[in-house]
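# Survey of secondary and tertiary structure
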Amino acid sequence: MKEKIIGKGYPIRDSILKATGHKIYVDDMKFPNMLYGKILYSTIAHGKVKSIDTTEAMKVEGVKAIATCFNTPHIKYNSALRFYDHDIPFTETIFSKTVRFVGDRVAAVAAETMEAAEKAVNLIKVEYEELPAVFDVEEAAKENAYPIHPGGNVLNEIKANAGDVEKGFAQAYKIYEDRYEVQPVNHGALEPHTCIAQYTIDNRLTVHSSCQNVFAFRVILSQILEMPLHKIRMITPSIGGSFGGKLEMTIEPVAAILSKMTMQPVKVTLTRKEVFKSTRTRHAAVMYIKTGVKESGEIIAQDINILLNTGSYASSCYNVLGALSHKIYKVYKIPNLRFRGVPVYTNIPIAGAMRGYGSPQIFFAQQAQMGKIAKDLNIDLVELQKINAALPDGVDQRFNSPLGNPRILDCLNEGSEIFQWERKKNIVGEKGYKHGVGMAIGAHGNGVFGAHRDYISLALKLNEDGTTTLLTGVHDMGNGSVTLQTQMIAEVLGITPDKVETLEADTDAVPWNLGDYASRGLYVEGAAAKRVAEKLKRKIVELAEEILKTKDLILEDGYVVSQSDSSKKISLSDIAVYSQKEKEAEITVVESHRSEAGITSYGVHFAEVLVEEETGKIKVISYTACHDSGKVINPLAATNQLDGGIHMGLGYALTEDYVFDEKGNMTNDSFGSYKMFRAHEMPEIKTHFVKGFEETGPYGGKSIGECAVVPAAPAILNAVYDATGIEIKKLPIKINKEDLND
Amino acid sequence: MENYYLNINGNNYKIIGDENESLLNILREKLNLTGAKCGCETGTCGTCKVIIDGKAVKSCRVRGFDLQNSKIETIEGLADGYKLHPIQEAFIEAGAIQCGFCTPAMILTTKALLNENKNPTEEEIRFAFRENLCRCTGYVQIVEAVKLAAKKLGGM
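Structure report, in brief. Quick caveat, the model's predicted, so the values are computed rather than measured.

Further remarks concern the pairing of strand β3 (residues 63-68) of chain A. Residues and elements named next belong to chain A. When you tally the buried positions in β3, you get five out of six residues, the bulk of the element. Summarising the sheet, β3 and strand β5 (residues 105-111) pair through five bridges and their orientation is antiparallel. Across the sheet, the residue bridging to A65 is A110, located in β5.

Now for the interface of chain B and chain A. Put simply, an interface is often sized by how much accessible area is lost when its parts join up. With 45 residues of chain B at the interface, the matching set in chain A holds 50 residues. Buried area between chain B and chain A, both sides added, is near 3,700 Å², and the carbon and sulfur share of it is 56%. Its largest share of buried area at the contact with chain A, chain B owes to Q98(B), L133(B) and R135(B), together 23% of the area lost on that side. At the junction of chain B and chain A, the tally comes to five salt bridges. Between D28(A) and R28(B) there is a salt bridge whose closest N-O contact spans 2.7 Å. For the side of chain B that touches chain A, the elements supplying multiple residues, two or more each, are α1 (23-30), α2 (86-93), α3 (103-116), α4 (122-128) and α5 (140-152) of chain B. The class makeup of the residues in the side of chain B that touches chain A is 20 nonpolar, 15 polar and 10 charged.

Here the focus is the packing of helix α15 (residues 521-548) of chain A against helix α16 (residues 572-583) of chain A. All names here are of chain A. Where α15 meets α16, the closest approach of the two axes is 10 Å, and the angle between their N-to-C directions is 80°. If you check the angle between α15 and α16, you find them roughly perpendicular. Judged by residue contacts, I540, L543, A544, E546 and I547 of α15 engage L572, I575, Y578, S579 and K583 from α16. Classifying every residue of the contact of α15 with α16 gives seven nonpolar, one polar and two charged.

Here the focus is the sheet that holds strand β14 (residues 299-311) of chain A. Residue and element names in this part refer to chain A. The mixed open sheet is built from five strands, whose spatial order is β7-β15-β14-β13-β8. The open sheet is flanked by β7 (158-162) and β8 (174-182), the only strands paired with a single partner. When the angles between neighbouring strand axes are averaged without regard to direction, this sheet yields 10°. In this structure, β8 lies alongside strand β13 (residues 284-293), joined through nine bridges in antiparallel fashion. Residue pairing across strands places V182 opposite A285, the latter belonging to β13. Against the sheet, helix α10 (residues 359-377) touches β8, β13 and β14, its axis set at about 140° to β8.

Residues and elements named next belong to chain B. Packing of α2 against α5 brings their axes to within 8 Å, and their N-to-C directions diverge by 140°. When the axes of α2 and α5 are compared, the pair comes out oblique. Handedness of the α2/α5 crossing: right-handed. Contacts between α2 and α5 involve P86, I87, E89, A90, F91 and E93 on the former and, on the latter, I142, A145, L148, A149 and K152. Looking at the contact of α2 with α5 residue by residue, the classes come out as eight nonpolar, no polar and three charged.

To continue, consider a negative patch on the surface. Among the surface-exposed residues, E115(A), E118(A), E2(B), D18(B), E19(B) and E41(B) lie close enough to one another that they form a single negatively charged patch. Tracing the chain through its elements places E118(A) in helix α3 (residues 114-123). Among the residues examined, E118(A) registers a relative accessible area of 35% and is labelled partly exposed.

What follows is about the sheet that holds strand β23 (residues 559-562) of chain A. Two modes of strand pairing occur in sheets, parallel and antiparallel, and in both the strands are linked by backbone hydrogen bonds. All names here are of chain A. If you walk across this open sheet you meet the three strands as β22-β23-β24, and the pairing is antiparallel. On the outer flanks of this sheet lie β22 (553-556) and β24 (569-571), each paired with one strand and no other. Strand-to-strand twist of the sheet, defined as the mean angle between neighbouring strand axes without regard to direction, takes the value 20°. In this structure, β23 lies alongside β24, joined through three bridges in antiparallel fashion. By the bridge assignment for β24, V560 is matched with I570. The strands touched by α15 within the sheet are β22, β23 and β24, with β22 carrying the most contacts at an inclination of about 120°.

Further remarks concern the environment of F606(A). Residue and element names in this part refer to chain A. Structurally, F606 is set in strand β26 (residues 600-612). Along the chain, F606 and P711 lie 105 residues apart, while their C-alpha atoms are 8.8 Å from each other. Look past the residues within four positions of F606 in its chain and what remains in contact with it is V382, C411, L412, G415, S416, F419, W421, G438, M439, S622, Y623 and T624.

Scoring rules and cut-offs
- Residues numbered from 1 in each chain as written.
- Chains lettered and ligands numbered in written order.
- Predicted model: local features only at pLDDT ≥ 70, side-chain atom pairs only at ≥ 80, totals over all residues.
- Heavy atoms only, no water.
- Buried < 20%, exposed > 50% of the residue type's maximum accessible area, 1.4 Å probe, protein only.
- Helix = DSSP H or I, 4+ residues; strand = E, 2+ residues; numbered from the N terminus.
- Pairing = 2+ DSSP bridges.
- Contact = heavy atoms within 4.5 Å.
- Buried area = accessible area lost by both parts, 1.4 Å probe.
- Salt bridge = Lys/Arg side-chain N within 4 Å of Asp/Glu carboxyl O.
- Nonpolar A, V, L, I, M, F, W, Y, C, P; charged D, E, K, R; others polar.
- Axes fitted to C-alpha atoms, helices over the stretch in contact; angles between N-to-C directions.
- Parallel < 35°, antiparallel > 145°, perpendicular 65-115°, else oblique.
- Left-handed = near helix turned anticlockwise from the far one by under 90°.
- Patch = residues over 30% accessible without salt bridge, like charges linked within 9 Å, V, L, I, M, F, W, Y side chains within 5 Å.
- Areas by Shrake-Rupley, 256 points an atom, 1.4 Å probe, with all protein chains shown as cover.
- Lys, Arg positive; Asp, Glu negative; His and termini not counted.
- Charge placed at Lys NZ, Arg CZ, Asp CG, Glu CD.

Take a look at the structure:
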């Protein structure tokens, strides 16, 4: 049957609220008697807190409580915890007695006004005993480096291996060895981190938070505060952008402990400066990559070594490295591939989940080297990619398991056509400019299949008027994941998406979800919505068969209709009423859905740049992104995600960076100095999805959100390399004009 | 401390207190007009933009006290009851809204632009947004929304 809802563009379902200013974000909320919380951060990169003097601060009118590392629980946790029994290193505390970066939390004030809280925070006196600090990941990894945590700075390594790499290198025609380096970057969500915690006399804690994982946050809070889960309610009313930055717990325990101390609701909203310094970054990394190729360009062996800079705490370093180690097996037909990665502590802000989750780092290194290999072997870069690209029937070399249906070749063919690769690669820049084209492949997974549990439960109710209500643990970050769920349900039930209302991300009200990360939105959560709708449909059809006395029923336009006799029909509303009246039973279903396979989404990006000879300034003038996202379920949302991903990728490539002074203090902690691309700075962008179909995906769909960002930086780098011939091995890409005119 | 009045969306609001308070703070904290968002407080993200005497202005950078004779428009005043303004319709239809945090400011910036220039070029549209950051859309759909809004309003 032809689908009516799937494949059509729907604006994000709460657009009207957002367009009218009626959407309520957490910082827009106030509770009676609410206090304002303000955090005091470490001003040094490494040291022991010897004493904290709050005498003067407590005298400020309106101050109700001051929490410090000396009067709050010191139970260790991991802010990247995902589920109850998740086994990862617990290294953080609410406030630190040993501070490990400029921006570590040492105390917080709750006061009747924000002004009073700010004033008081500035009056708190902290005495530190400074310790040696290390910011460079390679320095920190050295055996004699000062340990940031007991046991040293190098955490356990992650390894992955396919074939025999040494044997492969022995067969190689040429071997390339390079070192690449990527910087920490910030998510740059426009809504700063914000939450309101409300501890009440019945020992209940309710937290409204702009977060991506209410169920995980509930577990962490229960550990830190030693509370049972049923006494904690986490709610995410809305999120003003996240990109992974609100997946890991940051300010919630602070608000919670202040509320517990005062028995009043406490709101903590960070400033932009605080978001930069004290929340999370994408992992910086140093990557060594050694590649052996045959004369034909075929890669025979690749050896990858990564030092992943986790910053001052462990957080999600293992998860990110693990994810990264999987992805490199999904793109090429490399028979011998070896991976080794070690996370390393340094005294810079904590690294965490960010859109791409390891992929932007590793594909930057691998794809940048591909640009170099193509030039050296004098093979067109697109051709080199085609020689090595995994085919639709390809296998993951590591486990010899099917990759699914990767349409990389289609992306290469259609993308180079749209971009006009052949024509553009021969263009010579106008006087004063060097012209170049580049491209890169990137990939990202769909969920965490194989890594750990990956499921979601949903509840779906049929209302008396034939409309439905979905109870979902999905947090829509603006990417349309809940909209997508309503599309799935509407398609199955033969209604329109506006007939599906949703209650989202509230631990007291909706069934469990793993959390919104790992590009689970379509492949896992969307599939779950389809599945729960199918269960509801079965109940509806069962009742309709009883009423209409026929078995050949389909659901269409709000009715259950006989295919052989269209006069036999009954509305969903009448069925709900029939159930109430005759059965005295509710038509509500609950269903769990687990991920079915570890599939991958692919993207191929093309960039055209001009490099100004006088200044070395790089300008991207055109850009084409071609993706395999299986069957595109919502073209509007998918294109939106892709455009946004490119925006983020361009920033990663050219402008965004954490700049630290010699003391480890970030010096570009504002939107003025941390340069995200603005509308007039963006190139012309063309986006395209190849015709794909994922067998295990709902209606053939795969994810897009994270994959969108991955190929951008190496595509730009390869274009700059093509234009200038200068080998750049570090992000953000900078060209010295001296090098240019050599 | 002096009381004064601000004309916002055609209504007069009595403002009590601090003459140094930013318009953004007044809107959000005193009047509960939370459509204007605070993304940075330093005038670089543009999520707090409102229209003052026809121009899109960052409300975190102006004092309410100085606007006693001005006409202030916020996102809350744009729709006519349940009827959306054509620019709001255009943003929804074009899919120019994702997380929505920048949206009210983007819509008001569009209104100020289209008031002055009924048929802006793509370059002019992008220039009008030079002080409005968006992290979700890459601006593509926002630019499309402005073009669609111009069409709806009789331009283009």
